[in-house]
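Here's the letter readout for the chains.
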Amino acid sequence: MATTRSDPLTLEVVELIGTVVARYYEEYDEAAAAHSLTGAQARVLGLLALEPMPMRRIAQKLKCEPSNVTGIVDRLESRGLVERRPDPADRRVKLAVPTERGVRTARELRDSLTFAREPLAELSDADRTVLRDLLRRMLGEAGPKGGSR
């Protein structure tokens, strides 16, 4: 059984995490708007730039309904950023795949997100490694020890 803490330090950490998340999404939405995208469209494009995937998997990763993802992919497709292709492993399944322009746009979006990158650059490699490992622990992920990303 997990224990929960409500001491002042824990509450302050939780509040700081919330502030970081809010600032990240605010910057992400601003970066998306600079490309005439919604935040949700930018997040889908960012996921697809990592690897093509079916709508159902996109919905699982974004924790939303597949029908919402279908509409987002439709809009990205109409802008020439994404296309649908049959999955080579199962031709009944359609994959959403970024076009060259979509990959370039996703890279520009990622590169414009400086909110966390600038403060992190001021931390030592050791401090960033500790922070990464603590965040992974909070998320229940073990991850490689001492590895870098």
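Relevant structure appears above.
As a convention, each chain's residues are numbered from 1 in the sequence order in which they are written. The predicted origin of the model limits local features to residues at a pLDDT of at least 70 and limits the giving and counting of side-chain atom pairs to 80 or more, whereas totals for whole chains, interfaces and linings rest on all residues. Remark: hydrogens and water are excluded; side-chain values derive from all non-hydrogen atoms of the structure.

(A) Region of interest: the packing of aromatic side chains. Stacked, edge-to-face and tilted are the three classes for Phe, Tyr and Trp ring pairs, Trp counted by its six-membered ring, which pair at centre distances within 6.5 Å; planes under 30 degrees apart are stacked, over 60 edge-to-face, the rest tilted. Tallied over the full model, the rule gives two aromatic pairs. When the centroid spacing of 5.7 Å and the interplanar angle of 40° are considered together, the rings of Tyr24 and Tyr28 count as tilted. Of this pair, Tyr24 and Tyr28 both sit in helix H1 (residues 8-34), separated by four residues, roughly a single helical turn. Buried means the residue's accessible area, taken with a 1.4 Å probe over protein chains only, is under 20% of the maximum for its type, while exposed means over 50%, and partly exposed covers the values in between. Look at Tyr24 and you get partly exposed, because its relative accessible area is 36%. What links up through ring pairs into an aromatic cluster is the set Tyr24, Tyr25 and Tyr28. Going along the chain from the N terminus, every DSSP run of H or I of four or more residues is numbered as a helix, and every run of E of two or more is numbered as a strand.

(B) Region of interest: the side chain of Gln41. Tracing the backbone through its elements, the reader meets Gln41 in helix H2 (residues 39-50). Gln41 gets classed as buried once you look at its relative accessible area, which sits at 8%. Contacts are assigned to residue pairs that have any heavy atoms within 4.5 Å of one another. Other than its neighbours up to four places away in sequence, Gln41 contacts Ser36, Ile72, Arg75 and Leu76.

(C) Expanded view of the sheet that holds strand E2 (residues 82-87). Paired strands, as defined in this entry, are two strands with at least two bridges between them according to DSSP. As summarised here, the arrangement of the three strands in space is E1-E3-E2, forming an open sheet in which the pairing is antiparallel. Across the chains shown, the open sheet's two edge strands, defined by having one partner strand only, are strand E1 (53-54) and E2. Pairing between E1 and strand E3 (residues 90-98): two bridges, direction antiparallel. Counterpart to Pro54 in the pairing with E3 is Leu95. Sheet strands touched by helix H4 (residues 66-78): E2 and E3. Its angle to E2, the strand with the most contacts, is close to 115°. In this analysis, axes come from line fits to C-alpha atoms, helices being fitted only over the stretch in contact, and the angle between any two N-to-C directions falls in the range 0 to 180 degrees.

(D) Structural view of the layout of surface pockets. Site definitions follow a grid-based scheme: protein atoms alone, a 1 Å grid, a 1.4 Å probe that fits but cannot get out for cavities, and for pockets an open set with protein on both sides within 12 Å along at least five of seven lines, plus lining residues having an atom within 4 Å of a point. Grid points are joined across faces, edges and corners, and a volume is the space filled by probe spheres set on the points. Counted as a void, the largest pocket has a volume near 2400 Å³. Around the largest pocket sit 45 residues that line it, and Tyr24, Ala116, Leu120, Leu135 and Leu139 are the ones nearest its centre. Elements with a minimum of two residues in the lining of the largest pocket: H1, H2, helix H3 (55-62), helix H5 (100-112), helix H6 (117-121) and helix H7 (125-138). Considering each element in turn, the lining of the largest pocket owes the most residues, 10 residues, to H7. Put simply, Ala, Val, Leu, Ile, Met, Phe, Trp, Tyr, Cys and Pro go in the nonpolar bin, Asp, Glu, Lys and Arg in the charged bin, and everything else, Gly too, in the polar bin. A per-class count over the lining of the largest pocket returns 26 nonpolar, six polar and 13 charged.

(E) Focus on the nonpolar core. Judged by nonpolar contacts, the single largest core of 23 residues is most densely connected at Ile58, Val73, Leu76 and Val82. Going through the elements one at a time, H1, H2, H3, H4 and H5 are the ones with two or more residues in this core. Considering every element that reaches this core, the biggest residue donor is H2, with five residues. Beyond its immediate sequence surroundings of up to four residues, Ile58 is in contact with Val44, Leu47, Leu48, Met53, Val69, Val73 and Ala96. Only buried residues count toward a nonpolar core. Its members are Ala, Val, Leu, Ile, Met, Phe, Trp, Tyr and Cys residues joined through side-chain atoms within 4.5 Å.

(F) Examining unusual backbone geometry more closely. Non-glycine residue Ser36 carries a positive phi angle of around 55°. The residue Ser36 is located in the loop between H1 and H2 in this model. In this model, Lys63 sits at a positive phi of 55°, which is unusual for a non-glycine residue. In this structure, Lys63 sits in the loop between H3 and H4. Relative accessible area serves as the criterion here: at 74%, Lys63 is assigned to the exposed category.

(G) Focus on a nonpolar patch on the surface. Only residues whose relative accessible area exceeds 30% and that take part in no salt bridge are eligible for patches, with like-charged residues grouped when within 9 Å of each other and nonpolar side chains (Val, Leu, Ile, Met, Phe, Trp, Tyr) grouped when within 5 Å. Here the Shrake-Rupley method, with its probe set to 1.4 Å, supplies the accessible areas, and only the displayed protein chains count as covering residues. A carboxyl oxygen of Asp or Glu within 4 Å of a side-chain nitrogen of Lys or Arg is what we treat as a salt bridge. On the surface, Leu9, Val13, Ile17, Val21, Tyr24, Tyr25, Leu120, Leu123, Leu131, Leu135, Met138 and Leu139 cluster together into a nonpolar patch covering about 1000 Å² of accessible area. Counting only elements with at least two residues in the nonpolar patch, the list comes to H1 and H7. Sort the elements by how many residues they give to the nonpolar patch and H1 lands first, with six residues. Within the element layout of this structure, Leu135 appears in helix H7.

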